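This is what each chain is made of:
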Amino acid sequence: MTTETPTRITVGGTEGTAPYDVLVGRQLLGELPGLIGESAKRVAVLHPEALAETGDALRQDLADQGYEAIAIQLPNAEESKTAEVAAYCWKALGQSGFTRSDVVVGVGGGATTDVAGFVAATWLRGVRWIAVPTTVLGMVDAAVGGKTGINTAEGKNLVGAFHPPAGVLCDLAALDSLGVHDYVGGLAEVIKAGFIRDPAILELVESDPEAARTPAGPHTAELIERSIRVKAAVVTSDLKESGQREILNYGHTLAHAIEKNERYNWRHGAAVSVGMVFAAELGRIAGRLDDATADRHRRILESVGLPVTYRGDQWPKLVETMKVDKKSRGDLLRFIVLDGLGKPVVLEGPDPAMLLAAHAEIAA
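All values derive from a computational prediction rather than experimental measurement.

Draft legend 1. Examining the overall build of the chain more closely. Helix and strand content of the chain: 14 helices and eleven strands. Here the chain has a C-alpha radius of gyration of 20 Å; the compact-globule value for 364 residues is 21 Å, and the two agree. For the chain, the spread of C-alpha atoms along the three principal axes comes to 60 × 45 × 35 Å. Taking all 364 residues of the chain together, 55% fall into the buried category. For the chain, restricting intrachain contacts to residue pairs at least 6 apart in sequence, the fraction spanning at least 24 positions comes to 74%. For the chain, the computed accessible surface area is about 14800 Å², with 50% contributed by carbon and sulfur atoms. Computed over 36 positive and 47 negative side-chain charges, the inter-centroid distance for the chain is 5 Å.

Here it is in structure tokens:
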């Protein structure tokens, strides 16, 4: 049996970091030993409880290849992104004698790769790690770019580090078993990439929204590759979010507030969907975004089954949460809005009346 050659998308190589490749294709786990390298003796496979079978199979495969491999099971989804879980992982690494030449592998969705990267960044002040994302969200967003982190009671991703992986393996076969809600949730980040940089993504989704909702659709690989290329280009030019990288937060200021308000029971993609509609309305009210592009947000997100409204009575709580968002500067709220399709800009300290008017457009 022959396997297709995977697509390689190179990220990084700036700000003192080594470049790394994101591989997109099928049956990619054979690439893992080459990324781990011969200098590593031990490998820790971090996986969520939902992927216990996958994590243990990967651990066994690495053990068969001569590595001292351990599997560390994490709670599912956002429940894993806590200081307590990170400490549990540090203890496991310490007990297994993990050294600076050893490697962490994170297998799972975006929350898992966030934690795996953070544990790798903080153990011995930084060991190598490899991301094996198994969701759309993980592939196009969380695993690419070197942002790692955990949540606190005060907000999402407030504790973290910039620690790029040694490589990312996006095995599209993992998406075949993904539930429809998780798959569609990931499409929010794909659509975001279309609005901020690559409108061809929007055209592919609009050509057949129903097909876009499933990994069996004809454009799945292209949508994921295009989204990764958008993120790769942005983070290569600005690893530590000192400038251009902030555009990747389109829709995220409100989204993170919604997630915290829902105690992380909302999917990230669902919150980002609402956040993008809010940002589009804010751009329109600020006189920056044309009506057609603003309306296009709601239409395309609804077409794939993503939410575009949120409980109207929660606005005071959302505003307070946004004030401690890591994108804020002092007391100034900052939002990414569009000056037009593919033209993201920062809107700093918008008038509260404008925010209220934009909120009225998403209030359910």
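So that's the structure; there's more coming.
Draft legend 2. Geometry of helix α7 (residues 199-207). Within α7 the residues assigned to the buried category are Ile201, Leu202, Leu204 and Val205. One side of α7 carries all its buried residues, which in axial view fall inside an arc of 160 degrees. Residues of α7 that are buried make contact with α6 (180-196), α8 (209-212), α9 (220-237) and α12 (291-303).

Draft legend 3. Quick peek at the packing of helix α11 (residues 268-285) against helix α14 (residues 352-362). Viewed as axis vectors pointing N to C, α11 and α14 meet at an angle of 130 degrees, and their least axial separation amounts to 8 Å. The angle between α11 and α14 falls in the class oblique. Crossing angle aside, the handedness with which α11 passes α14 is right-handed. Between α11 and α14, the contacting residues are Val274, Val277, Phe278, Glu281, Leu282 and Ile285 on the first element and Met354, Leu355, Ala357, Ala358, His359, Glu361 and Ile362 on the second. Here the residues of the contact of α11 with α14 are counted per class, giving ten nonpolar, one polar and two charged.

Draft legend 4. Expanded view of the pairing of strand β7 (residues 147-152). Inspection of the sheet shows β7 paired to strand β8 (residues 155-162) by five bridges, in the antiparallel sense. Across the sheet, the residue bridging to Thr148 is Ala161, located in β8. Between β7 and β8, which pair antiparallel in sequence order, lie two residues.

Draft legend 5. Structural detail: unusual backbone geometry. Notably, Arg125 is not glycine yet its phi reads approximately 60 degrees, a positive angle. The topology assignment puts Arg125 in the loop between α4 (110-122) and β6 (128-133). Even without being glycine, Asn157 reaches a positive phi, approximately 60 degrees. Structurally, Asn157 is set in strand β8.

Draft legend 6. Expanded view of the environment of Tyr250. Relative to the helices and strands, Tyr250 is located in the loop between α9 and α10 (252-261). You can call Tyr250 buried: its relative accessible area is 0%. Along the primary structure Tyr250 and Ile336 are separated by 86 residues, whereas in three dimensions their C-alpha atoms are 5.1 Å apart. Discounting chain neighbours no more than four positions away, the residues touching Tyr250 are Lys192, Phe195, Ile196, Val272, Met276, Ala279, Ala280, His297, Ile336, Val337 and Leu338. At 2.8 Å, the side chain of Tyr250 and the side chain of His297 are in polar contact.

Draft legend 7. Main features of the nonpolar core. The biggest cluster of nonpolar side chains holds 94 residues, and the ones touching the most others in it are Val22, Leu46, Ile228, Tyr250, Leu254 and Phe278. Residues within four places of Phe278 in sequence aside, it is in contact with Leu254, Trp315, Phe335, Leu355, Ala358, His359 and Ile362. Judged by nonpolar contacts, the second largest core, of 17 residues, contains Leu32, Ala40, Val107 and Ile130.

Draft legend 8. Molecular detail of the packing of aromatic side chains. Going through the model one piece at a time under the given rule, you end up with four aromatic pairs. Arranged with centres 5.3 Å apart and planes meeting at 90 degrees, the rings of Trp266 and Tyr310 form a pair that is edge-to-face. Residue Trp266 is found in the loop between α10 and α11, and its partner Tyr310 is found in the loop between α12 and α13 (315-323); the two are separated by 44 residues along the sequence. Relative accessible area serves as the criterion here: at 24%, Trp266 is assigned to the partly exposed category. A relative accessible area of 3% means that Tyr310 is categorised as buried. Between Phe278 and Phe335, the aromatic rings sit 5.8 Å apart at their centres with planes inclined by 55 degrees, giving tilted as the arrangement.

Draft legend 9. How the structure looks around the side chain of His359. Assignment of secondary structure puts His359 in helix α14. Look at His359 and you get buried, because its relative accessible area is 6%. Among residues more than four places away in sequence, those in contact with His359 are Phe278, Arg311, Gly312 and Trp315.

Draft legend 10. Focus on α9. Across its 18 residues, α9 extends 26 Å between first and last C-alpha, which sits within 8% of the 26 Å expected from 1.5 Å per residue. Along its buried surface, α9 packs onto β1 (7-11), β2 (20-25), α5 (136-142), β9 (167-171), α6 and α7.

Basis of the calculations
- Residues numbered from 1 in each chain as written.
- Predicted model: local features only at pLDDT ≥ 70, side-chain atom pairs only at ≥ 80, totals over all residues.
- Heavy atoms only, no water.
- Helix = DSSP H or I, 4+ residues; strand = E, 2+ residues; numbered from the N terminus.
- Rg over C-alpha atoms; globule rule 2.2 N^0.38 Å.
- Buried < 20%, exposed > 50% of the residue type's maximum accessible area, 1.4 Å probe, protein only.
- Contact = heavy atoms within 4.5 Å.
- Areas by Shrake-Rupley, 256 points an atom, 1.4 Å probe, with all protein chains shown as cover.
- Lys, Arg positive; Asp, Glu negative; His and termini not counted.
- Charge placed at Lys NZ, Arg CZ, Asp CG, Glu CD.
- Arc of directions from axis to C-beta.
- Axes fitted to C-alpha atoms, helices over the stretch in contact; angles between N-to-C directions.
- Parallel < 35°, antiparallel > 145°, perpendicular 65-115°, else oblique.
- Left-handed = near helix turned anticlockwise from the far one by under 90°.
- Nonpolar A, V, L, I, M, F, W, Y, C, P; charged D, E, K, R; others polar.
- Pairing = 2+ DSSP bridges.
- Polar contact = N/O pair within 3.5 Å; in protein donor to acceptor, adjacent residues only side chain to side chain.
- Core = buried A, V, L, I, M, F, W, Y, C linked by side-chain atoms within 4.5 Å.
- Phe/Tyr/Trp six-rings, centres within 6.5 Å; stacked < 30°, edge-to-face > 60°.
- Expected span 1.5 Å × (residues − 1).

These results come straight from atomic positions and should not be treated as a statement about function.
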